[in-house]
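# Secondary and tertiary structure notes
For reference, the chains in residue letters:
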Amino acid sequence: MCAAVLVVGSANADLVVPVDRRPAGGETVLGGDTVLSPGGKGANTAVAAGRLGADVALLGAVGSDPYGALLRDSLAGAGVSTAFLRVVDRPTGIAYITVTPDGENSILVSPGANSALTPADITPEALAGAAVVVLSLEVPLPTVEHAVRRASDAGAKVLLNLSPAARLSPSTLAAVDVLLVNEHEAAYLLGSTDADPRKLLDLGPRAAVVTLGAKGAVVVTPDGVTEVPSPPVTAVDTTGAGDAFAGALAASLAEGTTLPDAARRAARVAALSVTRAGAQPSYPTLDDLE
């Protein structure tokens, strides 16, 4: 089974608790009712792309538990192929999320089955026909680095969402076509909160996109920097907004859209997603965009 967009990444069950404020060390804070929803950076990205009509598959791992079934159902409902989604003898990954009234979140991830994804899972069959391969870092880094190299060698456009932030080898970054980071991850890579985003290209990628939340994003190419505004919205829950951006970006790039135009569409998708609760349940369809 071939897909134009192959997402290599995590699949988690999100346990979301609304709170008035986040607890400090050693403190107990009462929250609202827990909401269970499908999540994980990889699954979120795949669902966001699928809801926009992309031909997409997820390469990842879940457990043989109810959370794994929840994720498989959500992926299938968004038109995402699960042909490369392994079921392993470990619990499905879980993200514990607190959301404050301003829509901001704090997340603790227990990787579980995601840790079972190995370089051997990056098969020629999975990469065959992929125009864009998207990766994020909630799966083992050796698997990510291997997948980047294999995808690049196969002629796919490599989109790396460097989240959660981690150090990757220079050879891996040099094989990346588009490095996607938020402003905190960019600061981590560059060692400064006010560094010129053009310096991201000095790390090796051919282009970069820095997301800035409500301020939109900037696209960095060898030709310069393009600012991409975000539509003004009232945020309800920012969980998964960066993954929505990644999925929309990948879907557009697979269609041959230029990077700045792809980022403009991705900013609209991410903005719409924060007006609804949850990650995958909040992602818009093409009809929503129109």
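A short tour of the structure in this document, coming up. Position numbers for residues count from 1 along each chain, tracking the sequence in the order it is written. Per-residue local features of the predicted model are confined to residues with pLDDT of at least 70, and side-chain atom pairs are confined, for both listing and counting, to 80 or more; whole-chain, interface and lining totals are unaffected and use all residues. Only hydrogens and water are set aside; all other atoms, that is, all heavy atoms of the structure, feed into the side-chain values.

Our next topic: the nonpolar core. Nonpolar cores are built from buried Ala, Val, Leu, Ile, Met, Phe, Trp, Tyr and Cys residues. Side-chain atoms within 4.5 Å join them into one set. For every residue, the accessible area (1.4 Å probe, protein chains only) is compared with the maximum for its type, and the residue is labelled buried under 20%, exposed over 50%, or partly exposed between those bounds. Among the nonpolar cores identified, the biggest contains 46 residues, and Leu58, Leu75, Leu159, Val209, Phe245, Leu249 and Leu259 are the most heavily contacted of them. No other element matches the eight residues that helix H7 (residues 241-254) contributes to this core. Counting 38 residues, the second largest nonpolar core, distinct from the first, contains Val8, Phe84, Leu127 and Leu189. Secondary structure elements follow DSSP: runs of H or I of four or more residues count as helices, runs of E of two or more count as strands, with numbering from the N terminus.

Looking now at the packing of aromatic side chains. Only Phe, Tyr and Trp rings are paired, with Trp represented by its six-membered ring, and only when their centres lie within 6.5 Å; those with planes under 30 degrees apart are stacked, over 60 edge-to-face, the remainder tilted. Counted under the stated rule, the structure contains zero aromatic pairs. Lysine NZ or arginine CZ positioned within 6 Å of the ring centre and within 35 degrees of the ring normal marks a charge as sitting over the ring. We note Arg167 situated over the ring of Tyr188; from NZ or CZ to the ring centre the distance is 4.4 Å.

Moving on: the sheet that holds strand E7 (residues 105-110). Within a sheet, each strand pairs with its neighbour through backbone hydrogen bonds, oriented either parallel or antiparallel. For two strands to pair, DSSP has to find at least two bridges joining them. If you trace the four strands from one edge of the open sheet to the other, you get E3-E2-E6-E7, paired in mixed fashion. Of all strands in the sheet, those bounded by a partner on one side alone are strand E3 (35-39) and E7. For this sheet, the mean angle separating the axes of adjacent strands, direction not counted, is 25 degrees. When strand E2 (residues 12-18) meets strand E6 (residues 93-99), the two strands line up parallel, connected through seven bridges. Bridge pairing in E6 places Val17 opposite Thr98. Residue contacts are counted whenever heavy atoms from the two residues lie within 4.5 Å of one another. Fitted lines through C-alpha atoms serve as axes, helices being fitted only where they are in contact, and the angles separating the N-to-C directions of these axes extend from 0 to 180 degrees. Sitting on the sheet, helix H2 (residues 66-77) touches E2, E3 and E6, and the angle it makes with E3 is about 60 degrees.

In terms of residue burial, E6 counts as a mostly covered element, since five of its seven residues are buried. Of the strand pairs in this sheet, E6 and E7 are connected by six bridges, and their pairing is antiparallel. Paired with Ala95 across the two strands is Val109, which belongs to E7. Hairpin geometry of E6 and E7 is characterised by an intervening segment of five residues between the two adjacent antiparallel strands and by a positive phi of about 90 degrees at Gly103.

The next thing to look at is the environment of Val210. For Val210, the location among the structural elements is in strand E11 (residues 207-211). Residue classification places Val210 among the buried residues on the basis of a relative accessible area of 5%. It is 5.0 Å that separates the C-alpha atoms of Val210 and Val181, two residues lying 29 residues apart in sequence. Non-local contacts of Val210, meaning those with residues more than four positions away in its chain, are made with Val181, Asn182, Glu183, Ala186, Pro197, Leu200, Gly216, Ala217 and Val218.

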